[in-house]
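# Results of the structural survey
Chain by chain, the residues:
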There are 4 protein chains.
Amino acid sequence: MTKTTVLTVQVQFGDCDPAGIVFFPNFARWMDAASHHYFRECGVPSWSQIDEPAGFVGAPLVETRIHFFKPATYPDVLQVHTDVEIWRAKVFIQRHRVVRGATLVCEGHETRAFCTRDAKGHLKAVPVPEMIRALCN
Amino acid sequence: MTKTTVLTVQVQFGDCDPAGIVFFPNFARWMDAASHHYFRECGVPSWSQIDEPAGFVGAPLVETRIHFFKPATYPDVLQVHTDVEIWRAKVFIQRHRVVRGATLVCEGHETRAFCTRDAKGHLKAVPVPEMIRALCN
Amino acid sequence: MTKTTVLTVQVQFGDCDPAGIVFFPNFARWMDAASHHYFRECGVPSWSQIDEPAGFVGAPLVETRIHFFKPATYPDVLQVHTDVEIWRAKVFIQRHRVVRGATLVCEGHETRAFCTRDAKGHLKAVPVPEMIRALCN
Amino acid sequence: MTKTTVLTVQVQFGDCDPAGIVFFPNFARWMDAASHHYFRECGVPSWSQIDEPAGFVGAPLVETRIHFFKPATYPDVLQVHTDVEIWRAKVFIQRHRVVRGATLVCEGHETRAFCTRDAKGHLKAVPVPEMIRALCN
């Protein structure tokens, strides 16, 4: 088990759609924020300050999967509980559980790969840096 | 097989993040737009103009899954190819293939349920309306 | 002078553009959130719970003006200080000062009109409700 | 008078808020897209491909002002008519008129400054490059 972090999100009027509930892509946005928040809270430097491996750009998404259980609306206050479910050789799965009090609103699993950008500008997956993994465990 | 529709998306500067590539939640946004575009193109009335079943609100997401294959950036022109992969009793799976020319950028599968809102305001899944299914096939 | 409220915003990676700074429309989004936050903090009920005048829908924008002084980036923590600069007969001007510590990042002035929706669905400006004005002063 | 360009925008369900109308910051987003579209249509290279002046990063906003005349909703098709109203020494004012058929929905005036980023990473306004001005007139 890795560390778990919690990001608090206040749902805004403009986050909701004509049906009066959160427009779904906003959950993907909050999970991305929670992913960055997770590494920051674990003490990992910003991507741009990591020199090794060279050309490091962060951890783009390879796959995302979200299950929606209950709708949310404004002015709900949500909490995103984030951990790393599994570290593989070149990818890891980050889990985000979005709750409103005791109610599970939705749950996301993001598969991400740490990447570098080569001289031609192409993204290339690299092994999970040991430094990052150690800080999160 | 159902009908297939194509929605063209022009990637904008503001759709991209500091890594210079499309910020991922925008793909979820474009897939939602493609979902609405699909039903419109198939001749389905707007959700608010559907009277039967009563309290009809549309087709909220139950689950979404997106695989990312290649990054996109501005000013790419993308095309979202959408169809319904399967109709089940109370849910259906809509598929969105986002391409840039011959390159598959990402592919999403959205599980959606047609829903009504009851007197207390709660969302409730209803069987796929036969009228909608017939228009899409 | 009216009450002043403060909304805290944590700038996220995905709020920033390829130039590495906050994509400008996000400030408009945060100011809209601050506008709602303002009325909530002053004790004004949600728009949907206001019965008088009939058909009340809230306070859509008539005009907005934002001056940008300094760029912001992630993971900046910003504070939006909001008050009502002036109440006129049918509109009011809400002011939002976005600061990062002692630095003024941008300042917005929003002219808004309280509106109702008539039987045909058209928006119509109404005089500022005395109840709302009293709660904010 | 400068050239005028037209960007077509299809309003999506997710662009609208619980009041059923376009959430205002989306107009700011579409105007930013129209600003980039304008320079592209006039034949100006992407910001990142402009070498002179050194460290060129584009044209960040100094001030924006938008008047809203009529609400818009989905699935409206809008057109953004863009030109440069005035070139000053270090800033220029870009005008965006958003119409739906013959109806003026809103009008925006953006004051922008071409900027470079110095060695410390600070943005600095530079005179309007003659090459850009010539391409737009």
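Report on the accompanying structure. (Residues numbered from 1 in each chain as written. Chains lettered and ligands numbered in written order. Predicted model: local features only at pLDDT ≥ 70, side-chain atom pairs only at ≥ 80, totals over all residues. Heavy atoms only, no water.)

Glancing now at the packing of helix H1 (residues 25–41) of chain A against helix H1 (residues 25–41) of chain B. Running from amino to carboxyl end, H1(A) crosses H1(B) at an angle of 175°, the nearest separation of the two axes being 8 Å. Between H1(A) and H1(B), the interaxial angle falls into the category roughly antiparallel. Facing Pro25(A), Ala28(A) and Arg29(A) of H1(A), the residues of H1(B) in contact are Pro25(B), Ala28(B) and Arg29(B). (Axes fitted to C-alpha atoms, helices over the stretch in contact; angles between N-to-C directions. Helix = DSSP H or I, 4+ residues; strand = E, 2+ residues; numbered from the N terminus. Parallel < 35°, antiparallel > 145°, perpendicular 65-115°, else oblique. Contact = heavy atoms within 4.5 Å.)

With that settled, consider unusual backbone geometry. Note the cis peptide between Tyr74(C) and Pro75(C), where omega equals -5°. Here Pro75(C) shows up in the loop between strand E3 (61–68) and strand E4 (77–87).

Residue and element names in this part refer to chain D. Summarising burial for strand E6 (residues 103–112): eight of the ten residues are buried, a large majority. Bridge count between strand E3 (residues 61–68) and E6: seven bridges; the pairing is antiparallel. Among the inter-strand pairings, Phe68 is bridged to a residue of E6, identified as Cys106. Taking the residues between adjacent antiparallel strands as the criterion, strand E5 (residues 92–100) and E6 are bridged by two residues, where Gly101 takes a positive phi near 60°. (Buried < 20%, exposed > 50% of the residue type's maximum accessible area, 1.4 Å probe, protein only. Pairing = 2+ DSSP bridges.)

Before going further, it helps to spend a moment on the pattern of salt bridges. Two side chains bearing opposite charge may form a pair once their charged atoms approach each other closely. Residues and elements named next belong to chain A. Inspection of every chain in the model, using the stated rule, returns 29 salt bridges over all chains. Across the salt bridge formed by Asp15 and Arg29, the nearest N and O atoms sit 3.2 Å from each other. Linking Asp15 in the loop between strand E1 (5–10) and H1 with Arg29 in helix H1, this pair joins segments that are 14 residues apart in sequence. Note that Glu85 is salt-bridged to Arg95, the shortest N-O span being 4.0 Å. Note that Glu85 is positioned in strand E4 (residues 77–87) and Arg95 in strand E5 (residues 92–100), a separation of ten residues in sequence. What makes Arg95 partly exposed here is its relative accessible area of 22%. (Salt bridge = Lys/Arg side-chain N within 4 Å of Asp/Glu carboxyl O.)

A few words now on the relation of the copies chain A and chain B. Mapping chain A onto chain B calls for a rotation angle of 180° and an axial translation of 0.0 Å; the resulting RMSD is 0.0 Å. What we have between these two chains is a two-fold relation. Taking C-alpha positions as reference, the residue of chain A nearest the rotation axis is Arg65(A), located at 2.1 Å. Interface residue correspondence from chain A to chain B reaches 100%, placing this contact among same-surface, isologous pairings. (Least-squares fit on C-alpha atoms with pLDDT ≥ 70 in both.)

Moving on, we come to the pairing of E4(C). Residue and element names in this part refer to chain C. Bridging between strand E1 (residues 5–10) and E4 involves six bridges; their strand directions are antiparallel. Residue pairing for E4: Val6 is matched across the bridge by His81. In the sheet, E4 pairs with strand E5 (residues 92–100) via eight bridges, with the strands oriented antiparallel. By the bridge assignment, Trp87 is partnered in E5 with Phe92. Connecting E4 to the next strand, E5, in antiparallel fashion are four residues.

It is worth spelling out the packing of aromatic side chains at this point. In this structure the tally under the stated criterion is 52 aromatic pairs over all chains. Each ring, one from Phe39(C) and one from Phe114(C), has its centre 6.0 Å from the other, and the planes form 70°; the classification is edge-to-face. Note that Phe39(C) is positioned in helix H1 (residues 25–41) and Phe114(C) in the loop between strand E6 (103–112) and strand E7 (115–117), a separation of 75 residues in sequence. On the basis of relative accessibility, which here comes to 2%, the residue Phe39(C) falls in the buried class. For Phe114(C), a relative accessible area of 0% gives the class buried. Every member of this aromatic cluster is reached through a ring pair, and the members are Tyr38(A), Phe39(A), Trp47(A), Phe56(A), Trp87(A), Phe92(A) and Phe114(A). (Phe/Tyr/Trp six-rings, centres within 6.5 Å; stacked < 30°, edge-to-face > 60°.)

Residues and elements named next belong to chain D. You can see His37 is positioned in helix H1 (residues 25–41). Residue class for His37 comes out buried when judged on its relative accessible area of 11%. In contact with His37, not counting residues within four places along its chain, are Thr5, Val6 and Leu7.

The next thing to look at is the sheet that holds strand E2 (residues 56–58) of chain A. Pairing between the strands of a sheet is mediated by backbone hydrogen bonds and can be parallel or antiparallel. All names here are of chain A. An order of E2-E7-E8 is seen for the three strands of this open sheet, with the pairing classed as antiparallel. A strand with exactly one partner marks an edge of an open sheet, and here the two such strands are E2 and strand E8 (123–125). Taken over all neighbouring pairs, the strand axes of this sheet differ in orientation by 40° on average, direction set aside. Bridge analysis of E2 against strand E7 (residues 115–117) gives two bridges, and the strand direction is antiparallel. Each bridged residue has a counterpart across the sheet, and for Gly58 the counterpart in E7 is Cys115.

With that settled, the discussion passes to the sheet that holds strand E8 (residues 123–125) of chain D. All names here are of chain D. Judged by pairing direction, the sheet is antiparallel, and its three strands sit side by side in the order E2-E7-E8 without closing on themselves. The two strands at the open ends of the sheet, each matched to only one other strand, are strand E2 (56–58) and E8. Sheet twist, expressed as the mean angle between neighbouring strand axes with direction ignored, is 40°.

Time to look at the interface of chain C and chain A. Across the boundary between the two partners, chain C contributes ten residues, which contact nine residues of chain A. A buried area of about 990 Å², summed over both sides, lies between chain C and chain A, and 55% of it is on carbon and sulfur atoms. Across the contact surface, chain C and chain A share zero salt bridges. There are zero residue pairs in polar contact (both at pLDDT 80 or more) connecting chain C and chain A. The element contributing the most residues to the side of chain C that touches chain A is H1(C), with five residues. When the residues that make up the side of chain C that touches chain A are grouped by side-chain class, the tally is three nonpolar, three polar and four charged. (Buried area = accessible area lost by both parts, 1.4 Å probe. Polar contact = N/O pair within 3.5 Å; in protein donor to acceptor, adjacent residues only side chain to side chain. Nonpolar A, V, L, I, M, F, W, Y, C, P; charged D, E, K, R; others polar.)

Note on the copies: chain C fits chain A at an RMSD of 0.0 Å, the axial shift is 0.0 Å, and the rotation between them is 180°. Looking at the interface residues of chain C, 90% of them are also at the interface in chain A, so both copies use one shared face.

We now examine the interface of chain A and chain B. With 20 residues of chain A in contact, the opposing surface of chain B contributes 20 residues. The contact between chain A and chain B buries some 1800 Å² in all, and 68% of this surface belongs to carbon and sulfur atoms. Area buried by chain A at its contact with chain B is led by Phe24(A), Leu61(A) and Phe68(A), which between them contribute 23% of it. At the boundary of chain A and chain B, one finds zero salt bridges.

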